[in-house]
Amino acid sequence: MKNILKFILPLASILVFSCSSDSEEDLNPTEKEVIENDITYTADIKPIITNNCISCHGVPPTNGAPFSLTTFSEVSSRANNIFTRTNNGTMPPTGKLPQTNIDLISAWIDGGKKE
């Protein structure tokens, strides 16, 4: 009986501790995983633009905004500029977008800016 306990106890300990991790890395998708999920303007980017940009970049633009961002074409043609300005925190003026949204915009651009 003692020999069995000497074998089972270490084995059980190894199994328990090998299944745990302090890493949060697996909780957040990587940019590559996001790209693989086929990000589209309509499903993913338009809600970000609507919630954060349209109040100034609507039709007509207000509050000194120089252009509208209400259509796929408008957003797609300015995507690199939008990414740069949101990434460095200059837009929107209400405060920097969450990194998740910035990563989504970047992945959309890298994925070919699908509508």
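Structure's up top.
Residues numbered from 1 in each chain as written. Predicted model: local features only at pLDDT ≥ 70, side-chain atom pairs only at ≥ 80, totals over all residues. Heavy atoms only, no water.

Draft legend 1. Here's a closer look at the overall build of the protein. Each helix and strand counted, the protein has 6 helices and 0 strands in total. Per-residue burial for the protein yields a buried fraction of 24% across its 115 residues. Contacts spanning at least 24 positions in sequence make up 51% of the contacts within the protein whose residues lie at least 6 apart. Summed over all atoms, the accessible surface of the protein reaches about 8100 Å², with 57% contributed by carbon and sulfur. (Helix = DSSP H or I, 4+ residues; strand = E, 2+ residues; numbered from the N terminus. Buried < 20%, exposed > 50% of the residue type's maximum accessible area, 1.4 Å probe, protein only. Contact = heavy atoms within 4.5 Å. Areas by Shrake-Rupley, 256 points an atom, 1.4 Å probe, with all protein chains shown as cover.)

Draft legend 2. A look at the nonpolar core. Core analysis: the biggest nonpolar cluster contains 17 residues, and I39, I45, I49, L69, V75, I105 and W108 have the highest contact counts within it. The greatest single-element share of this core, amounting to 6 residues, is contributed by helix α6 (residues 99–110). Excluding residues within four positions of it along the chain, I105 makes contact with I45, I48, F83, T86 and L97. (Core = buried A, V, L, I, M, F, W, Y, C linked by side-chain atoms within 4.5 Å.)

Draft legend 3. Local environment of the packing of helix α3 (residues 41–52) against α6. Axis separation between α3 and α6 bottoms out at 11 Å; the angle between their running directions is 135°. If you check the angle between α3 and α6, you find them oblique. When you trace α3 past α6, the crossing you get is left-handed. On α6, the residues touching Y41, D44, I45, I48 and N52 of α3 are N101, L104, I105 and W108. Counted by class, the contact of α3 with α6 contains 6 nonpolar, 2 polar and 1 charged residues. (Axes fitted to C-alpha atoms, helices over the stretch in contact; angles between N-to-C directions. Parallel < 35°, antiparallel > 145°, perpendicular 65-115°, else oblique. Left-handed = near helix turned anticlockwise from the far one by under 90°. Nonpolar A, V, L, I, M, F, W, Y, C, P; charged D, E, K, R; others polar.)

Draft legend 4. A look at unusual backbone geometry. With omega at -5°, the peptide bond leading from V59 into P60 counts as cis. That bond from M91 to P92 is cis: its omega, -10°, falls within 30 degrees of zero. Examined against the element boundaries, P92 turns out to sit in the loop between α5 (79–87) and α6. Positive phi is not limited to glycine here, since N63 has a value of about 55°. As for its position among the elements, N63 is in the loop between α3 and α4 (72–77). The phi torsion at K113 lies on the positive side, around 55°, for a residue other than glycine. Here K113 lies in the segment after α6.

Draft legend 5. Looking closely at α6. The end-to-end C-alpha distance of α6, which contains 12 residues, comes to 16 Å, matching closely the 16 Å that a straight helix rising 1.5 Å per residue would cover. The complete set of buried residues in α6 reads N101, I102, L104, I105, S106, A107, W108 and I109. Two residues or fewer after α6 comes G112, characterised by a positive phi angle close to 100°. (Expected span 1.5 Å × (residues − 1).)

Draft legend 6. Spotlight on the state of the cysteines. Here the structure, examined in full by the defined rule, presents 0 disulfides. Left without a disulfide partner, C53 is nearest to the cysteine sulfur of C56, which lies 8.8 Å away. A relative accessible area of 10% places C53 in the buried class. A relative accessible area of 17% means that C56 is categorised as buried. (Disulfide = S-S within 2.5 Å.)

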